[in-house]
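Here's the letter readout for the chains.
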Amino acid sequence: MVVTRFAPSPTGYLHIGGLRTALFNYLWARKNSGKFILRIEDTDLSRNSEEATKAILKAFDWVGLEYDGDVAYQSKRFDIYKRYIQKLLDEGKAYYCYMTKEELDALREEQMAKKERPRYDRRYRDFTGTPPKDVKPVVRIKAPLEGEMVFEDGVKGTIAITAEELDDFIIARSDGTPTYNFVVAVDDALMGVTEVIRGDDHLYNTPKQILVYEALGFDIPKFYHVPMICNEQGKKLSKRDGALDVMAYKEMGFLPEALLNFLVRLGWSYGDQEIFSKEEMIELFDPKDINKSASSYNLDKLLWLNSHYIKNSSNERLSKLLEDFGIYLLGHDKREIILDAVKERAKTIKELAEQIKMILEDPREYDEKGVKKAIKGEWKDILKGFEKELQDAQELHLPSDYHKIMEKYLNEKNIGFGKLGQPLRLALVGKLTGPGLDEIMSIIGKEETVKRIEMLIKKFENG
Ligand code: GLU
């Protein structure tokens, strides 16, 4: 069975790079009807926070990546790690090292002076003497003394590390706590993980972890190290570029399916297809197709995808999402007209909310450029005439009713659409952009339309 995992360290929120890693693992597990594990790597008690764990779980919930079983917490597994450290000590595959910090520093300086790579000299590897009394030892694993460690990475190809480069690295600190590379390997093995898909910042941890697998006689999983996400200049993505908390995307008005669709294409592709439902992603994703080069973050593309998913969302769903942005349409009798009028244009739910507010509320101010363009010539008479036309009309409800009355008026007056359209639009929403005038008037109704026309006239009739 395919088993994958996402293993964040709770040192902060879940950012989009992490979410992409999670998504790849999730898709591969689901495609193979396997298991997707969420493991919180919280062994470094000084750097982890419960809040960060909560934030990660919340983000998972929002994007809808379901994991299998309970969340695994490394902080609850110290006994297990201890047992395996002891096993390696008992089997002579690991040993106590009593070197003090001062001794290590001195060794490092000596090596640097000789222009050698600073490294532990393995002085306790075969030590049989009496250990120093006041030193609490660390535990080191025995790395091979010669040859190469070679593994096949599913993205990077063959990775070979010489024995020279592999240290007898520490697996337990002097206070007995296990170290990062040790616990990752033990957990992946015990949890039955078959494929590890993670960021390529972990590529050179992998030989160390393989050492642990080998020493404990565990099966080694397949590794895929995914290149990072860059900004459009090819540099590491910064906060300014969009390397944000996943939940910040919710606050900006993105839909989770748009974000997932965006992320799946960062570093993976299927022909030139851009739009993927979750089901399609599951069907088509294969880690062997992960790109070798870094991918580049493009906000316009994310906005484009988001508007696609907004357009295709039901009005009921949009109404619920809009509540986070202060718009309550669930009981509104014009809900369908309102949403149909704005959902084609909005790139985010936030923008959708702004456009709806713009329709439902009186304009608070009039756009300067719009005023220059629309308040000229016969504008006032044209608006007054149209106002009268509205007053005389019966049964104005639908956008098409308003459309007809505008057309009738323009024909009678024999004027072009802009002559009425521009001042009317300014009166209704305070600027020259926005949804169709017929839709706006139908939503706010005749009385409110007349009121807004009067407001504009009052404000500008004296120049
Ligand atoms: N805990 C590691 C991190 O947050 C990931 C470890 C792994 O995926 O092997 O970067």
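**Student:** Where do I start with the site of the ligand in this structure?
**Tutor:** Taken together, Arg 5, Ala 7, Pro 8, Ser 9, Glu 41, Tyr 180, Val 184, Arg 198 and His 202 make up all the residues around the ligand. At 2.8 Å, a side-chain N or O of Ser 9 approaches a nitrogen atom of the ligand. With respect to the ligand, the side chain of Arg 198 contributes an N or O atom lying 2.7 Å from an oxygen atom. Expressed as a share of its isolated accessible area of 300 Å², the protein-covered part of the ligand is 80%. Judged by the proximity of its atoms to the pocket grid, the ligand belongs to the largest pocket. Considering only residue class, the shell around the ligand consists of four nonpolar, two polar and three charged.

**Student:** Got a minute to help me understand the layout of surface pockets in this structure?
**Tutor:** The gaps of empty space that remain are located by a probe, the size of a water molecule, rolled over the atoms. Roughly 1200 Å³ of internal volume is contained in the largest pocket. Taken together, 38 residues form the lining of the largest pocket, with Ser 9, His 15, Gly 18, Asp 201 and His 202 sitting closest to its centre. Elements supplying a minimum of two residues to the lining of the largest pocket: strand 1 (3-6), helix 1 (16-31) and strand 9 (195-199). It is helix 1 that provides the largest number of residues to the lining of the largest pocket, a total of five residues. A per-class count over the lining of the largest pocket returns 16 nonpolar, 12 polar and 10 charged. Along its surface, the second largest pocket is lined by 13 residues, and Met 358, Pro 363, Arg 364, Glu 365 and Val 429 are the ones closest to its centre. Here the lining of the second largest pocket gets three residues from one element, more than from any other, and that element is helix 13 (residues 349-360). Counted by class, the lining of the second largest pocket contains four nonpolar, one polar and eight charged residues.

**Student:** Would you explain the packing of aromatic side chains in this entry?
**Tutor:** When we look at a pair of aromatic rings, we describe it by the centre distance and by the angle of the planes. By the definition in use, this model includes 17 aromatic pairs. Aromatic ring contacts, followed pair by pair, group Phe 6, Tyr 26, Phe 36, Phe 60 and Tyr 67 into a single cluster. The ring of Phe 169 carries Lys 208 above its face, with NZ or CZ at 5.4 Å from the centroid. Here Lys 222 stacks its cationic end above the ring of Tyr 224, 5.5 Å away from the centre of that ring.

**Student:** Is there a simple way to think about the pattern of salt bridges in this case?
**Tutor:** Two side chains that carry opposite charge are able to pair once their charged atoms sit near each other. As enumerated under the stated definition, the model contains 35 salt bridges in all. With a shortest N-O distance of 3.7 Å, Asp 187 and Arg 39 are connected by a salt bridge. With a gap of 148 residues between them, Asp 187 in helix 5 (residues 180-190) and Arg 39 in strand 2 (residues 35-40) connect regions that are remote in the sequence. Considered together, Asp 187 and Arg 39 belong to a single accessibility category, that of buried residues. Residue Arg 265 pairs with Glu 274 through a salt bridge whose shortest N-O separation is 3.2 Å. Taking the relative accessible area as the measure of exposure, Arg 265 reaches 17% and is therefore buried. Here the salt bridges share partners, and the residues they tie into one network are Arg 5, Arg 39, Glu 41, Arg 77, Asp 187 and Asp 188.

**Student:** How should I be thinking about the packing of helix 12 (residues 335-342) against helix 18 (residues 437-460) in this particular structure?
**Tutor:** The description of two packed helices rests on the angle between their axes and on the distance between the axes. Across the interface, helix 12 lies against helix 18 with an axial gap of 10 Å and an inter-helix angle of 155°. Classed by the angle they form, the pair helix 12 and helix 18 counts as roughly antiparallel. Between helix 12 and helix 18 lies a crossing whose hand is left-handed. Two secondary-structure elements touch here, helix 12 through Ile 337, Ile 338, Asp 340 and Ala 341 and helix 18 through Glu 439, Ser 442 and Ile 443. Across the contact of helix 12 with helix 18, the residue classes break down as four nonpolar, one polar and two charged.

**Student:** Can you walk me through the pairing of strand 2 in this structure?
**Tutor:** Look at any regular strand and the pattern is simple: side chains alternate between the two faces of the sheet. Within strand 2, five of the six residues are buried, which leaves the element mostly enclosed by the surrounding structure. Sheet topology places strand 1 next to strand 2; four bridges connect them, and they run parallel. Bridge pairing in strand 2 links Val 3 to Lys 35. Across two bridges, the pairing between strand 2 and strand 3 (residues 72-73) is parallel.

**Student:** Sorry, what's going on with the pairing of strand 6 (residues 148-153) here?
**Tutor:** In strand 6, alternate side chains face the same way, and those of Met 149, Phe 151 and Asp 153 are buried while those of Glu 148, Val 150 and Glu 152 on the opposite face are not. Summarising the sheet, strand 6 and strand 7 (residues 157-162) pair through six bridges and their orientation is antiparallel. Pairing of Glu 148 across the sheet is with Thr 162, part of strand 7. The hairpin formed by strand 6 and strand 7 contains three residues between the paired strands.

Reading the values: the criteria
- Counting starts from 1 at the beginning of each chain's written sequence and moves along it residue by residue.
- With the structure being a predicted model, the display of local features is reserved for residues of pLDDT at least 70 and the display and counting of side-chain atom pairs for 80 or more, all residues being used for whole-chain, interface and lining totals.
- With hydrogens and water excluded, all non-hydrogen atoms of the structure serve as input to the side-chain values.
- If even one non-hydrogen atom of a residue comes within 4 Å of a molecule or strand, that residue is called near it.
- As used in this structure description, the phrase polar contact means that two N or O atoms lie within 3.5 Å; if the pair is within protein, one of them must be able to donate a hydrogen and the other to accept it, and residues adjacent in sequence are counted only when both atoms belong to side chains.
- All accessible-area figures derive from a Shrake-Rupley calculation using a 1.4 Å probe, and residue coverage is judged against the displayed protein chains alone.
- Residues are said to line a cavity or pocket when one of their atoms sits within 4 Å of a point; the points come from a 1 Å grid over protein atoms alone, cavities being sets where a 1.4 Å probe fits but cannot get out and pockets being open sets with protein on both sides within 12 Å along at least five of seven lines.
- Think of it this way: a molecule belongs to a cavity or pocket when more than half its atoms come within 2 Å of the grid points there.
- Think of it as three bins: nonpolar holds Ala, Val, Leu, Ile, Met, Phe, Trp, Tyr, Cys and Pro, charged holds Asp, Glu, Lys and Arg, and polar takes everything else, Gly as well.
- Grid points are joined across faces, edges and corners, and a volume is the space filled by probe spheres set on the points.
- Strands here mean DSSP runs of E at least two residues long; helices mean DSSP runs of H or I at least four residues long; both are numbered from the N terminus.
- The rule is short: rings of Phe, Tyr and Trp, with Trp giving its six-membered ring, pair when the centres are within 6.5 Å, and they are stacked under 30 degrees, edge-to-face over 60, tilted in between.
- As a reminder, the over-ring test applies to NZ of lysine and CZ of arginine, requiring each to be within 6 Å of the ring centre and within 35 degrees of the ring normal.
- Basic side-chain nitrogens of Lys or Arg form a salt bridge, by our definition, when they fall within 4 Å of a carboxyl oxygen of Asp or Glu.
- Here's how the labels work: a residue is buried when its accessible area is under 20% of the maximum for its type, exposed when over 50%, partly exposed in between, all with a 1.4 Å probe on protein chains only.
- Axis lines are fitted through C-alpha atoms, for helices just across the contact stretch, and the angle between N-to-C directions can take any value from 0 to 180 degrees.
- Roughly parallel means an angle under 35 degrees; roughly antiparallel, over 145; roughly perpendicular, 65 to 115; everything else is oblique.
- Should the near helix be turned counterclockwise from the far one by less than a right angle, the crossing is left-handed, whereas a clockwise turn marks it as right-handed.
- Every residue pair with non-hydrogen atoms within 4.5 Å of one another is taken to be in contact.
- We call two strands paired when DSSP finds no fewer than two bridges between them.

Bear in mind that shape data such as this cannot, by itself, settle questions of function.
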